[in-house]
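Each chain is listed here by its residues.
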Amino acid sequence: MTLRLLARGGLFVLVAAVAACAPAAPDEAMEEAAPEYVPPEVTPPSRELAQADIEQMMEDLSNWGRWGPDDELGAANLITPAKRLEALALATEGISVSMAHRVLKEEADDVPLPFGHRMLGVPDSSVEPGFFGGVSDNYTVSYHGYSHSHIDALCHILHKGQMYNGVSQDTIVEEGCTKASIDNLQSGIVTRGILFDIPLLKGVPYLEPGTPIYQEDLEAFEEMAGVTVRPGDAIFIRTGRWARRAEVGPWNISENSAGLHAQTLPWIKARDVSFAGSDAALDVVPSLVEDVALPVHLVTIVAMGVDLFDNQDLEALAETASSLNRWEFTLIAAPLAVENGTGSPLNALAIF
């Protein structure tokens with residue numbers, strides 16, 4: 001853990017005090033402090049990208065084979081036990097914030113497939129209550145798309161018949177994904193999360209649909225917030241989608257959404273991001289890349305092996321981060337353990 005993180009988490013003074021009272025081992029006394037992490041410099045690519053550029057990124061930014069030919073975890077491998085402990089140390093305030101949007105049960109322009117909720121065994125008021133009673137219900141949800149908070153598994157997106165690590169689409173059968181499915185994350189996700197509040201950076205309540213976010217924006221927010229993305233981190237990009245929906249109503253977000261431009265992809269790879277997410281589906285829509293609909297989805301999931309958090313509600317998180325002046329937090333998320341699943345509805349938590 002870096003000096004800055006310890007100081008931000010309120011732990012540095014405590015650690016220093018303990019060290020002052022305890023005799024240092026000879027070897028420890030000779031050790032120098034661990035160097036501050038220096039992120040690699042990435043020259044921003046052109047904003048004018050074509051399909052051929054995305055094809056090249058699929059090769060240049062690939063993590064295929066990095067963790068072995070049979071790997072199904074992808075960039076989640078970057079979250080080591082030490083990384084989890086570092087992340088847990090960030091929880092110093094005892095404040096928990098959900099990143100899940102309340103399920104949407106009514107059809108709307110951005111909710112073509114509402115969440116289904118049917119009660120079972122509603123009490124009959126005409127019948128005398130018994131000694132013991134109870135009710136239950138039934139849920140149905142088609143969670144992929146722009147309606148519901150969820151996480152994508154690495155088998156969710158294909159490129160020319162292959163998924164992450166070169167696995168063939170032939171491994172996908174009627175029973176589901178036999179490789180790279182969501183149950184690989186059954187043990188949960190615990191790492192350092194960072195919120196990129198781009199509307200705050202630009203001084204607006206939300207970004208208008210179709211607004212692209214570039215590498216320069218991400219670096220400007222790092223500078224403003226005093227944070228640096230490090231290997232194994234999970235990044236969350238706030239566009240203000242839910243704030244705009246609350247103000248002006250729903251719109252067809254699948255055709256017009258603020259989000260990351262594909263120009264940011266080399267930066268994401270260079271920083272060794274483990275997970276990425278946003279309050280929409282991460283990509284700017286339209287993508288501004290001719291003949292490629294969702295280039296960020298494509299390259300992160302298939303080439304890099306980065307699972308994506310879609311449709312997260314980052315409004316409460318943004319308010320909390322602003323009030324604490326802290327943009328890093330402990331991320332805890334536990335997808336449903338669905339064998340062969342392409343993803344999972346999700347209630348991810350940010351702990352300060």
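Refer to the structure printed above.
The sections below set out a description of the structure shown in this document. Not measured: the values here are computed from a predicted model.

Analysis parameters
Residues numbered from 1 in each chain as written. Predicted model: local features only at pLDDT ≥ 70, side-chain atom pairs only at ≥ 80, totals over all residues. Heavy atoms only, no water. Phe/Tyr/Trp six-rings, centres within 6.5 Å; stacked < 30°, edge-to-face > 60°. Helix = DSSP H or I, 4+ residues; strand = E, 2+ residues; numbered from the N terminus. Buried < 20%, exposed > 50% of the residue type's maximum accessible area, 1.4 Å probe, protein only. Polar contact = N/O pair within 3.5 Å; in protein donor to acceptor, adjacent residues only side chain to side chain. Contact = heavy atoms within 4.5 Å.

With respect to the packing of aromatic side chains
Each aromatic ring pair is specified by the distance between its two centres and by the angle formed by the two planes.
Now for step 1: Within this structure, the stated rule accounts for eight aromatic pairs.
Now for step 2: Ring geometry for Phe115 and Tyr139: centres 5.4 Å apart, planes at 55 degrees, overall tilted. Residue Phe115 is found in the loop between β1 (96-98) and β2 (116-120), and its partner Tyr139 is found in strand β3 (residues 136-140); the two are separated by 24 residues along the sequence.
Now for step 3: Residue Tyr139 is classed as exposed on the basis of its relative accessible area, which comes to 53%.
Now for step 4: Ring centres 5.2 Å apart and planes at 65 degrees place the aromatic pair Phe236 and Phe309 in the edge-to-face group.

Regarding helix α11 (residues 315-324)
Now for step 1: Within the span of α11, buried status applies to Glu315, Leu317, Ala318, Thr320 and Ala321.
Now for step 2: Phi turns positive one or two residues past the end of α11, at Asn325, with a value near 55 degrees.

Considerations on the side chain of Thr191
Now for step 1: Turning to its location among the elements, Thr191 is positioned in strand β7 (residues 189-197).
Now for step 2: In this structure the side chain of Thr191 is engaged in a polar contact, spanning 2.7 Å, whose partner is the backbone oxygen of Gly232.
Now for step 3: With near-sequence residues (within four places) excluded, Thr191 lies in contact with Ile79, Lys83, Ala87, Gly232, Asp233, Ala234, Ser274, Phe329, Thr330 and Leu331.

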